[in-house]
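# Chain and residue survey
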Amino acid sequence: MTAEPKDSVKPENDTGPESLVDRDAKSALQSGLKDEKGDEKLTNGTPPEPSVALRRQAVALIANPSSGGNAKDEEAIRRAMDALGDGASLYRWSPESDIVATVRKALDDGAEMIVAAGGDGTAMAVAGALVGQEVPMAVLPLGTFNFFARGLRLSEDPEEAARAIREGNAHPIRVGEVNGQVFLNNASLGIYPSILKAREDIYARWGRRRIVAHWSVVKTFLRFQRPMRLKITADGETRNRRTALVFIARSAYQLDFFGLDGATVISDDAFAVLVAKAQSRRDLFRLSARLVRRKTKQGEDYELIRAKSFEIETARGRGLLAFDGEKCREESPFRFKMSDAPLWIVLPAKDTENETQDTTA
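To start, this report covers the structure provided alongside it. Computed from a predicted model, the values in this text were never measured in an experiment.

## Looking at the packing of aromatic side chains
A full pass over the atoms with the stated rule returns 10 aromatic pairs. On the numbers, 5.2 Å between centres and 90° between planes, the contact of F221 with F285 is edge-to-face. Of the two residues, F221 sits in helix α8 (residues 210–223) while F285 sits in helix α11 (residues 281–292), which places them 64 residues apart along the sequence. With relative accessibility at 6%, the residue F221 sits in the buried group. Taking relative accessible area as the criterion, F285 reaches 33% and is therefore assigned partly exposed. Look at F310 and F336: their rings are 4.5 Å apart centre to centre, the planes differ by 5°, and that puts the pair in the stacked class.

Below you can see the structure in the form of structure tokens.
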């Protein structure tokens, strides 16, 4: 495929061709949705439900060509555009360019729905630009893991997902923020950001494959030296901990996927903060094996902290922070809170929900 200029936001108009399901489907989202009677958990300046979600005549699909397997992305996008209909326009975006400018261009062009086509990183970037906006966001899964899209009960087949999006309904949710950075699924400190760094190097050499992602875990564990020393202040209580990993979850689906506790915390619109007991290489390999078998136990493998907002201070002044598969170095302390404004997210319509859930990996 032909690469476009880095900062290009010119649309390409395509005129051519709740168990995890029923236990609490709303908790599979990252925050409070309306309940069946229409009551909202959101209380701080929630805008009225956007009427644009009822029209869906102008849909902007923002695609990140670097997500997932590139060889298949163009065909997947074409099929999705066909399913979204004649009013759909395609915008190209890459992590090196300004996602806010791309979203703003789509809104200025009259977009009534923004569809993030890519993986969790792409969804997070688009969400950050749409928090507080009345135009709803949808997700077309084209990444490696697609945890956010899975939590929404969307099929990983792009055409099926696009059809479900087209007929879906918009709901307000809370998203997490760390030092001002929006995230949808999780944020973490410690060994996991280091795994992501190693993964990038391996991807560059061998390509983006799940087996490669697993090898990056082993490689990072072998290089592990010592645990972090942290001060965690949550809801007025301070804890001092030594750990190799702190995992902050806002996705009940992802916790269930790995057999971890905390889904009910998320359904109560709070963060599930998991502090690993692991402090050595041996501990890490054992924890990893238990995760694979979904055999981890709260209290034995990790400590679960429930918090609406909290702060983590590291012994070192700067730390490597991961959020939804992306990473950056940030100054300590790391401050976590819920977004003040909601994000309107599109869920599959009732009559398509079961079909969508059945095709979710």
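Still to come is the rest of the account.
## Some thoughts on the pattern of salt bridges
Counted according to the given criterion, the structure contains 20 salt bridges. One salt bridge connects E159 with R79, and the closest N-O pair in it is separated by 3.2 Å. Taken as a pair, E159 in helix α6 (residues 158–166) and R79 in helix α2 (residues 70–84) lie far apart in primary sequence, 80 residues in all. Residues R290 and D301 are paired through a salt bridge, measuring 2.9 Å at the closest nitrogen-oxygen approach. On the criterion of sequence distance, the pair formed by R290 in helix α11 and D301 in the loop between α11 and β14 (302–307) is long-range, its members being 11 residues apart. Taking the relative accessible area as the measure of exposure, R290 reaches 15% and is therefore buried. Taking relative accessible area as the criterion, D301 reaches 9% and is therefore assigned buried. Within the structure, one salt-bridge network assembled from shared partners comprises R79, D157, E159 and R163.

## Side note on the sheet that holds strand β9 (residues 186–190)
In spatial order, the strands read β14-β13-β12-β9-β16-β17; together these 6 strands make up an open sheet with antiparallel pairing. Here the strands that pair on one side only, and so sit at the sheet edges, are β14 and β17 (326–331). Pairs of neighbouring strands in the sheet enclose a mean axial angle of 20°, with direction left out of account. Across 5 bridges, the pairing between β9 and strand β12 (residues 245–249) is antiparallel. Looking at β12, one finds that A187 is bridged to I248. Each of β9, β12, β16 (318–323) and β17 touches helix α7 (residues 191–206); the most contacted strand, β9, lies at about 95° to it.

## What about unusual backbone geometry?
Omega for the peptide link from S332 to P333 comes to 5°, which places this bond in the cis form. Along the polypeptide, P333 turns up in the loop between β17 and β18 (334–338). Phi at R294 is positive, roughly 55°, even though this residue is not glycine. When you line up the elements, R294 lands in the loop between α11 and β14. Its relative accessible area of 46% is what places R294 among the partly exposed residues.

## Section: the packing of α7 against α8
Two packed helices can be described by the angle between their axes and the distance between those axes. Close contact between α7 and α8 brings their axes to 8 Å; oriented N to C, the two are set at 125°. As far as their axial angle goes, α8 and α7 are oblique. Like other packed secondary-structure pairs, α7 and α8 cross with a definite hand, here right-handed. In this structure, α7 uses I191, S194, I195, A198, R199, I202, Y203 and W206 to contact α8, whose residues at the interface are V212, A213, W215, S216, V217, K219, T220 and F221. Of the residues assigned to the contact of α7 with α8, the class counts are 11 nonpolar, 3 polar and 2 charged.

## Overview of the sheet that holds β18
The 6 strands are arranged β8-β7-β18-β15-β10-β11 in an open sheet whose pairing can be described as antiparallel. Single-partner strands in this sheet number two, and they are β8 (181–183) and β11 (237–243). Here the average twist between neighbouring strands, direction ignored, is 25°. Examined bridge by bridge, strand β10 (residues 228–234) and strand β15 (residues 310–314) share 5 bridges and lie antiparallel to one another. Its bridge partner being in β15, A234 is matched across the sheet by F310.

Procedures and definitions
Residues numbered from 1 in each chain as written. Predicted model: local features only at pLDDT ≥ 70, side-chain atom pairs only at ≥ 80, totals over all residues. Heavy atoms only, no water. Phe/Tyr/Trp six-rings, centres within 6.5 Å; stacked < 30°, edge-to-face > 60°. Helix = DSSP H or I, 4+ residues; strand = E, 2+ residues; numbered from the N terminus. Buried < 20%, exposed > 50% of the residue type's maximum accessible area, 1.4 Å probe, protein only. Salt bridge = Lys/Arg side-chain N within 4 Å of Asp/Glu carboxyl O. Pairing = 2+ DSSP bridges. Axes fitted to C-alpha atoms, helices over the stretch in contact; angles between N-to-C directions. Contact = heavy atoms within 4.5 Å. Parallel < 35°, antiparallel > 145°, perpendicular 65-115°, else oblique. Left-handed = near helix turned anticlockwise from the far one by under 90°. Nonpolar A, V, L, I, M, F, W, Y, C, P; charged D, E, K, R; others polar.

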